[in-house]
Structure formats: C-alpha cells, structure tokens
Amino acid sequence: MRRLLPAPIVDLSDDDLRAAYMFPEQRPWVRANMVSTLDGAMRGTDGGSRSISTPADQRVFSIARADADVILVGAGTIRAEDYRPSKKTVAIISNRLDLPLTLRMLAERTDENPRPLAFTTDAAAADASEALRALIDVVPCGSHVVDLHRVVAELAARGLGRIHCEGGPSLLGDLAAEGLLNELLLTVAPRLLGGGPQEHILSVAGGFTPPLRLTPTQVLEEDGSVFIRARAT
Ligand SMILES: NC(=O)c1ccc[n+]([C@@H]2O[C@H](COP(=O)([O-])OP(=O)(O)OC[C@H]3O[C@@H](n4cnc5c(N)ncnc54)[C@H](OP(=O)(O)O)[C@@H]3O)[C@@H](O)[C@H]2O)c1
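Notes on the structure in this doc start here. Source: prediction; values computed, not measured.

By volume, the largest pocket amounts to about 1,200 Å³. Lining the largest pocket we find 45 residues, and of these Gly74, Gly76, Thr77, Glu166 and Gly168 sit closest to its centre. Of all the secondary structure elements, the ones that give two or more residues to the lining of the largest pocket are strand E2 (29–37), helix H2 (55–66), helix H3 (75–81) and helix H8 (169–177). Broken down by element, the lining of the largest pocket gets its largest block of residues, six residues, from H3. Grouping the constituent residues of the lining of the largest pocket by class yields 14 nonpolar, 16 polar and 15 charged. Both of domain 1 (30–67 + 166–233) and domain 2 (69–161) provide at least three residues apiece to the lining of the largest pocket. If you trace the second largest pocket, you find 17 residues lining it, with Leu181, Leu184, Leu212, Arg213 and Leu214 closest to the centre. Elements represented by at least two residues in the lining of the second largest pocket include exactly strand E8 (183–189), strand E9 (214–222) and strand E10 (225–232). A total of three residues in the lining of the second largest pocket trace back to one element, the largest contributor, which is E10.

Time to look at H2. Spanning twelve residues, H2 covers 17 Å between terminal C-alpha atoms, matching the ideal 16 Å at 1.5 Å per step. Among all positions in H2, only Ala56, Asp57, Val60, Ile63, Ala64 and Arg65 are buried.

Below, the discussion takes up empty space enclosed by the protein. With the rule as written, the count across this model stands at one cavity of 30 Å³ or more. Surrounding the largest cavity, Pro85, Ser86, Lys88, Val90, Met105, Arg109, Asn113, Pro114 and Pro116 form its lining. Here the residues of the lining of the largest cavity sort into five nonpolar, two polar and two charged.

Inspection of the secondary structure puts Gln218 in strand E9. Judged by relative accessible area, which is 6%, Gln218 ranks as buried. Residues Gln218 and Ile228, ten residues apart in the sequence, show an inter-C-alpha distance of 5.9 Å. For Gln218, the side chain forms a polar contact with the main-chain oxygen of Ala20, separated by 3.4 Å.

Along helix H7 (residues 148–157), the positions that sit buried rather than exposed are Leu148, Val151, Val152 and Leu155. End-on, the buried residues of H7 take up no more than an arc of 95°, which puts them together on one face. At its buried positions, H7 is contacted by E2, strand E3 (70–74), strand E4 (89–93), strand E5 (117–120), strand E7 (162–165) and H8. With a side-chain oxygen lying 2.9 Å from the backbone nitrogen of His149, the N-terminal cap of H7 falls on Asp147. One or two positions beyond H7, positive phi appears at Gly159, with a value near 80°.

Moving on to the site of the ligand. Looking at the ligand, there are 27 residues lining it, with Met42, Thr77, Glu81, Ser94 and Ser170 nearest. At 2.6 Å, a side-chain N or O of Ser94 approaches an oxygen atom of the ligand. Here Arg96 contributes a backbone N or O atom positioned 2.8 Å from an oxygen atom of the ligand. Judged by its atoms lying within 2 Å of the grid points, the ligand is housed in the largest pocket. Taken together, the elements giving at least two residues each to the shell around the ligand come down to E2, H3 and H8. Among the elements that take part in the shell around the ligand, H3 stands out by supplying six residues, more than any other. Its residues assigned to classes, the shell around the ligand comprises ten nonpolar, eleven polar and six charged.

Turning to the packing of aromatic side chains, a few remarks are in order. For the coordinates displayed, the defined rule picks out zero aromatic pairs. For Arg31, the ring lying beneath its charged end belongs to Phe23, and the centroid distance is 3.9 Å.

Once that is clear, we can look at the pattern of salt bridges. On inspection of all chains with the given rule, the structure shows 14 salt bridges. With a shortest N-O distance of 3.8 Å, Asp98 and Arg79 are connected by a salt bridge. Here Asp98 is found in the loop between E4 and helix H4 (104–107), whereas its partner Arg79 is found in helix H3, with 19 residues between them in sequence. Look at Asp98 and you get partly exposed, because its relative accessible area is 29%.

Cut-off values and rules
- Residues numbered from 1 in each chain as written.
- Predicted model: local features only at pLDDT ≥ 70, side-chain atom pairs only at ≥ 80, totals over all residues.
- Heavy atoms only, no water.
- 1 Å grid on protein atoms, 1.4 Å probe; cavity = no way out; pocket = protein on both sides within 12 Å on 5 of 7 lines; lining within 4 Å.
- Points joined across faces, edges and corners; volume = space filled by probe spheres on them.
- Helix = DSSP H or I, 4+ residues; strand = E, 2+ residues; numbered from the N terminus.
- Nonpolar A, V, L, I, M, F, W, Y, C, P; charged D, E, K, R; others polar.
- Domains from an automatic or database assignment.
- Expected span 1.5 Å × (residues − 1).
- Buried < 20%, exposed > 50% of the residue type's maximum accessible area, 1.4 Å probe, protein only.
- Polar contact = N/O pair within 3.5 Å; in protein donor to acceptor, adjacent residues only side chain to side chain.
- Arc of directions from axis to C-beta.
- Contact = heavy atoms within 4.5 Å.
- Near = heavy atom within 4 Å.
- Sits in = over half its atoms within 2 Å of the grid points.
- Phe/Tyr/Trp six-rings, centres within 6.5 Å; stacked < 30°, edge-to-face > 60°.
- Lys NZ or Arg CZ within 6 Å of the ring centre and 35° of its normal.
- Salt bridge = Lys/Arg side-chain N within 4 Å of Asp/Glu carboxyl O.

Shape is all these values report; function is a separate question.
As structure tokens, then:
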C-alpha cells in the first residue's frame, strides 16, 4: 500500500490504514464506500460488487468499516448481496420493507450481532409482520417515502453518528441529492468489464446539473487498485 496523497509516500501498516480511514469529529457524518471498475461498472458478472472487488479493496473495506457506528445500506443491496450478520449495527433503508426472512442477515443472526434496523415508510412499518419484527427493529420514517434527513438525525440521536454507507447506487444517489453525503471512499479496481451501458456507483433521476463537486483528500494504491477519499465541498 502506497500513499500518493498527501505526501510522503510510505508503506502503510494496518494501524496506518485505520488512521487513514478515521471519521472526522463532526457528527453526524455520512460517508459512502463504493467500488468501481476502470470503465465505471459497479457490479460484475455475479450480479454484485464482489466479482469486481480486489484483495486490497477487501482490506480497506473492513478497516474503513471498523471506525463506523453503523452500516447504512439500501434494501436492494441487502437482497442482491445477501449480507451476513454483522458485529456492527446495520441500518437498512427500504420503502417497501421487502426483507425476506431467509436473508442471511436475519436468518443467521446470533446474540453477537446487534439487532439490525429497518427504516421504512409509516404504512410499511404498520404492515410489518410479527415474524419480521422479531428479527429487526422497524423504524417508521416518512409518510410516502423514507425521509433520509430523519434517518440520519435518528441514527445520530441513537449515538450512531459515524454513518458508513455501503450503497447501493440508488441510496447513494438519494443521499447526495439530499445534501446528506459528506464523503465518498471510492475504490477503482484495475479491471475493464465492457458489455452494455454501465450502471455506475451512483444513480439519481435526472443526474446532477451542475455536477456535484468533491475534493480528494487522500489517494492510496495497492496492486493497481486506487483508493480515493473525497469530501463533498
Ligand atoms: N459497486 C459497489 O460498491 C456497490 C455497492 C452496493 C451495491 N452494489 C450493487 O448495486 C446493485 C443494487 O443497486 P440499487 O441501486 O438497487 O441498490 P440500493 O440502493 O441498495 O437498493 C435500492 C432499494 O433500496 C431501497 N432504497 C434505496 N434508497 C432508498 C430511499 N432513499 N428511500 C427508501 N428506500 C430506498 C429501496 O428498497 P425497496 O424496494 O425495498 O423499497 C430500493 O428499491 C446490486 O447489484 C449491488 O450488488 C454495488
């Protein structure tokens, strides 16, 4: 692992990396961690991001997670990637509260894993089954769609102000559109996927005009994977 920015260039130990991925003091702080190929693809042939990730990306993924209070993730990503139970609190965003009980996050959870949270609409929360409520804390947070400002405020009020979002593209797009995204941790994996039009790491209806501007504060590299840490300005 080499630090390219800021200088000097050094070999980074795991402790150095932990320091490189600490959250700043401000609370709440929302950052997203995403991986893309060189040609901008956000998922590979497995239908998820694992097949475009690299060992170095996995190292940063777990080290960056470690300093967070909560992992924030869209229901589409939970369904597509079938997350395992986590030792961190996981907060899932879902308008429809479509969370099958067979998801590993729910079905394989033990006492070592904090109860996940599901932020959803008031109506979907009212309709949530007892079986689902037994496995996850359902938090109503919006009349027709989930209000992400309320989600962030609610997480901060629960002492979960270091918010580490792992996508997917729709949730990241909505966070950015609402002005809630403070920072992006982007891995550019040294791969070209080709194929049809690429689906990117961020998806938002209409896009951003003018484009949102982020300021890189750190660039690392290992085995051709480039790790950009950039702040919303
Ligand atoms: N390259 C990467 O770093 C990366 C990271 C994460 C995911 N991915 C890939 O991205 C793909 C999934 O993309 P996606 O855009 O569908 O992911 P997503 O944002 O995780 O999921 C979309 C779903 O999440 C819920 N959701 C998202 N934003 C919401 C909001 N603001 N309010 C309420 N609900 C919201 C909705 O769930 P309901 O339908 O339940 O209402 C929506 O249908 C998968 O293939 C996954 O592997 C890639």
